[in-house]
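A structural walkthrough
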Amino acid sequence: MFAGKSTIITGANKNLGKQTAIAFAKEGSDILLHYHSSSSADETSKLAKELISDYKVKTIVFQGDLSTEKATTDLFDLAIKSFGKVDYAINNVGMVLRKKLSEISLDEFNKMFSVNVTASFLFMREAERKLAENGSVVMLTTSLLGAYCDGYSVYQAAKSAVYWMCKTASKETTKKITYNCVSPGPMDTPFLYGQENEHRIEFFKTQAVEQRLTEVEDIVPIIKFIVKDGKWMTGQNLYANNGFTAPSA
Ligand SMILES: NC(=O)c1ccc[n+]([C@@H]2O[C@H](COP(=O)([O-])OP(=O)(O)OC[C@H]3O[C@@H](n4cnc5c(N)ncnc54)[C@H](OP(=O)(O)O)[C@@H]3O)[C@@H](O)[C@H]2O)c1
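Residues numbered from 1 in each chain as written. Predicted model: local features only at pLDDT ≥ 70, side-chain atom pairs only at ≥ 80, totals over all residues. Heavy atoms only, no water.

The protein has a UniProt comment under Sequence similarities (unreviewed entry) that states "Belongs to the short-chain dehydrogenases/reductases (SDR) family." (UniProt positions renumbered as here; feature names shortened; annotations may be inferred.)

Structure (structure tokens):
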């Protein structure tokens, strides 16, 4: 399915990024695995070795803070140097904060915008400059964009900015690159549990038709669809949450 393709996946050492990387490698894509924290170096190298031996694809590893211009430029340059071209770029980088707006410090606000917005801006800018013709960009946003709730003001504001940059980039492309967002519902990873209590997690489950959280495995096929069979779709935000929220008409 993805033989002859190459893919950059950020935050690819764990959770959604890792499972997406495995799924793309299984279908034959070469993969650049990005990770952020240096403590993740060993697990990312181990994953790279597994993809090479299990699926016979080229796999390389890149560490970096993608809120910086140099790291993002280096990320795309390394992929092109290693694979000759990049077809797909999937951005999992994100940071969440659940706190009342009145209690958020300026440092927290700036950090949230740096990780969610600056990194996404740099990622999409490099993608338009460096992806191959007919490539695809997928940005991870959140189903909270369709919610009216307390606690997530800055996360919602930041991911909303990602969506609007993505939408506009989709209209401006000169290379027929598709740009789409995927917005999972509350997803069963430590990213969610760091902000939520047991009571609220149980409530989130009741909001899905199947009475459970979104699993990483629910999202991976949607990312695959966007880059492969969904090429006529661009500038969209796919809410993937089994009924948790939906955008207003
Ligand atoms: N879990 C949910 O409930 C949920 C729901 C909707 C949407 N999402 C979105 O889905 C995406 C994946 O989330 P996940 O649940 O799979 O959690 P995750 O694995 O923790 O994904 C977030 C990634 O961002 C990386 N990151 C943070 N700061 C960075 C920086 N400055 N430079 C580069 N990378 C950085 C993290 O690396 P380190 O950990 O090493 O810092 C991590 O790999 C995120 O964009 C998130 O906003 C999650």
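1. Focus on the site of the ligand
Near the ligand lie 26 residues; those nearest to it are Lys14, His36, Ser37, Tyr155 and Thr189. Leu16 is positioned such that a nitrogen or oxygen atom in its backbone is 3.2 Å from an oxygen atom of the ligand. Between Thr189 and the ligand, the recorded distance is 2.6 Å, taken from a side-chain N or O atom to an oxygen atom. Relative to its unbound accessible surface of 870 Å², the ligand loses 92% to contact with the protein. Elements with a minimum of two residues in the shell around the ligand: helix 1 (15-26), helix 5 (153-172) and helix 6 (190-193). Of the residues that constitute the shell around the ligand, the class distribution is 11 nonpolar, 12 polar and 3 charged. (Near = heavy atom within 4 Å. Polar contact = N/O pair within 3.5 Å; in protein donor to acceptor, adjacent residues only side chain to side chain. Areas by Shrake-Rupley, 256 points an atom, 1.4 Å probe, with all protein chains shown as cover. Helix = DSSP H or I, 4+ residues; strand = E, 2+ residues; numbered from the N terminus. Nonpolar A, V, L, I, M, F, W, Y, C, P; charged D, E, K, R; others polar.)

2. Focus on the pairing of strand 3 (residues 59-63)
Sheet topology places strand 2 (residues 30-35) next to strand 3; 5 bridges connect them, and they run parallel. Among the inter-strand pairings, Leu32 is bridged to a residue of strand 3, identified as Ile60. Between the parallel pair strand 2 and strand 3, the chain is carried across by helix 2 (residues 41-55), and the sense of this crossover is right-handed. (Pairing = 2+ DSSP bridges. Right-handed = clockwise from strand over helix to strand, strands pointing away.)

3. Let's talk about the packing of helix 3 (residues 69-83) against helix 4 (residues 106-130)
Helix-helix packing is characterised by the crossing angle of the two axes and by the distance between the axes. Two elements in contact, helix 3 and helix 4, have axes separated by 10 Å at closest approach and are oriented at 35°. Crossing handedness for the pair helix 3 and helix 4: right-handed. Contacts between helix 3 and helix 4 involve Glu69, Thr72, Thr73, Leu75, Phe76, Asp77 and Ile80 from the former and Leu122, Phe123, Arg125, Glu126, Ala127 and Lys130 from the latter. Taken together, the residues of the contact of helix 3 with helix 4 sort by class into 6 nonpolar, 2 polar and 5 charged. (Axes fitted to C-alpha atoms, helices over the stretch in contact; angles between N-to-C directions. Left-handed = near helix turned anticlockwise from the far one by under 90°. Contact = heavy atoms within 4.5 Å.)

4. Digging into the state of the cysteines
Going through the model one piece at a time under the given rule, you end up with 0 disulfides. Summary of cysteine pairing: Cys149 is not part of a disulfide, and the nearest cysteine sulfur, belonging to Cys181, is at 18 Å. Overall, the relative accessible area of 33% leaves Cys149 in the partly exposed class. Between Cys181, a free cysteine, and Cys166, which holds the nearest cysteine sulfur, the sulfur-to-sulfur gap is 3.8 Å. (Disulfide = S-S within 2.5 Å. Buried < 20%, exposed > 50% of the residue type's maximum accessible area, 1.4 Å probe, protein only.)

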